[in-house]
Amino acid sequence: MSWYTAGEIVLWLILAAILGGVLGWLLRGILRPPRRRAAPTPVVIADERPGTSVADIDTGASGTFAEPVTSPFAPRTARDRVAEIAARTAGGLTPPHDDLVRIHGVGPKIARLLTAMGITSFRQVARLTAADVVTVNEALEIFPGRIERDDWMSSARELHREVYGSDPVA
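Visitor: Explain the nonpolar core here, please?
Guide: Side chains of a nonpolar character, in soluble globular proteins, are inclined to be buried together. Leu100, Ile103, Leu114, Val125, Leu140 and Trp152 are the most contacted members of the largest nonpolar core, which totals 26 residues. Of all the secondary-structure elements, those providing two or more residues to this core are helix H2 (78-89), helix H3 (108-117), helix H4 (122-126), helix H5 (130-139) and helix H7 (152-164).

Written out as structure tokens, the structure is:
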């Protein structure tokens, strides 16, 4: 084989590699699913909110720090509402940390999510109302409808009776 033939083979291989790279790049752009764009954040002007003035804002110049302002206009997240539900269903008691995985349909991941939201006992799960179920479903974004489908409330009620010997709903 001559040098001319070897050089020609190398040249064709380089050309094929470049062409393959360009075609791959183009096909990747064509076949990739479209990206979701984030919703634009609304612009809120401070003057539109009633009761806010420059004199009310602590700049920290005096060495004091301002407390976070809770606005009645700020939207409450589902996790905030679940925290309120957790406090209400505890019945004024400090809820124990029961093994929520024992509830039918609750796995380790859901148990961690519920514990992070403040729901830690069989009593709290057993005392969920229909409105509470909707809120908790909303907070458990990746498991919609799981509570009703697996009937967590009945299972938690039976487990509470088994462990504590009393009815959690009464």
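So that's the structure; there's more coming.
Visitor: Would you mind showing me how to read a nonpolar patch on the surface here?
Guide: On the surface, a cluster of nonpolar side chains totalling about 790 Å² of accessible area is made up of Val10, Ile14, Ile18, Leu19, Val22, Leu23, Trp25 and Leu26. Relative to the helices and strands, Ile14 resides in helix H1 (residues 3-31). Judged by relative accessible area, Ile14 falls into the partly exposed class, the value being 49%.

Visitor: Hey, could you run me through unusual backbone geometry in this one?
Guide: Phi is mostly negative for residues that are not glycine, and the peptide bonds are mostly trans. The phi dihedral of Asp151 is positive, around 50°, even though this residue is not glycine. Note on placement: Asp151 falls in the loop between helix H6 (146-150) and H7.

Visitor: Would you explain the pattern of salt bridges in this entry?
Guide: Opposite charge on two side chains makes pairing possible when the charged atoms of those side chains draw close. In the structure shown here, the tally under the stated rule is seven salt bridges. For Arg88, the salt bridge goes to Asp132, with nearest N and O atoms at 2.6 Å. Of the two residues, Arg88 sits in helix H2 while Asp132 sits in helix H5, which places them 44 residues apart along the sequence. Take Asp132: its relative accessible area is 5%, and that puts it in the buried class. Residue Arg102 pairs with Glu162 through a salt bridge whose shortest N-O separation is 2.8 Å. Within this pair, whereas Arg102 is found in the loop between H2 and H3, its partner Glu162 is found in helix H7, the two being separated by 60 residues in sequence.

Visitor: Help me understand the packing of H2 against H5 in this model?
Guide: When two helices pack together, their arrangement is given by the angle between the helix axes and the distance between those axes. Across the interface, H2 lies against H5 with an axial gap of 9 Å and an inter-helix angle of 135°. Comparing their axes, H5 and H2 come out oblique. In this structure, the crossing between H2 and H5 has a hand that is left-handed. Counting all contacts with H2, which are made through Ala78, Arg79, Arg81, Val82, Ile85, Arg88 and Thr89, the residues of H5 involved are Asp132, Thr135, Val136, Glu138 and Ala139. For the contact of H2 with H5, the class distribution of residues is five nonpolar, two polar and five charged.

Cut-offs applied
- Residues numbered from 1 in each chain as written.
- Predicted model: local features only at pLDDT ≥ 70, side-chain atom pairs only at ≥ 80, totals over all residues.
- Heavy atoms only, no water.
- Core = buried A, V, L, I, M, F, W, Y, C linked by side-chain atoms within 4.5 Å.
- Buried < 20%, exposed > 50% of the residue type's maximum accessible area, 1.4 Å probe, protein only.
- Helix = DSSP H or I, 4+ residues; strand = E, 2+ residues; numbered from the N terminus.
- Patch = residues over 30% accessible without salt bridge, like charges linked within 9 Å, V, L, I, M, F, W, Y side chains within 5 Å.
- Areas by Shrake-Rupley, 256 points an atom, 1.4 Å probe, with all protein chains shown as cover.
- Salt bridge = Lys/Arg side-chain N within 4 Å of Asp/Glu carboxyl O.
- Axes fitted to C-alpha atoms, helices over the stretch in contact; angles between N-to-C directions.
- Parallel < 35°, antiparallel > 145°, perpendicular 65-115°, else oblique.
- Left-handed = near helix turned anticlockwise from the far one by under 90°.
- Contact = heavy atoms within 4.5 Å.
- Nonpolar A, V, L, I, M, F, W, Y, C, P; charged D, E, K, R; others polar.

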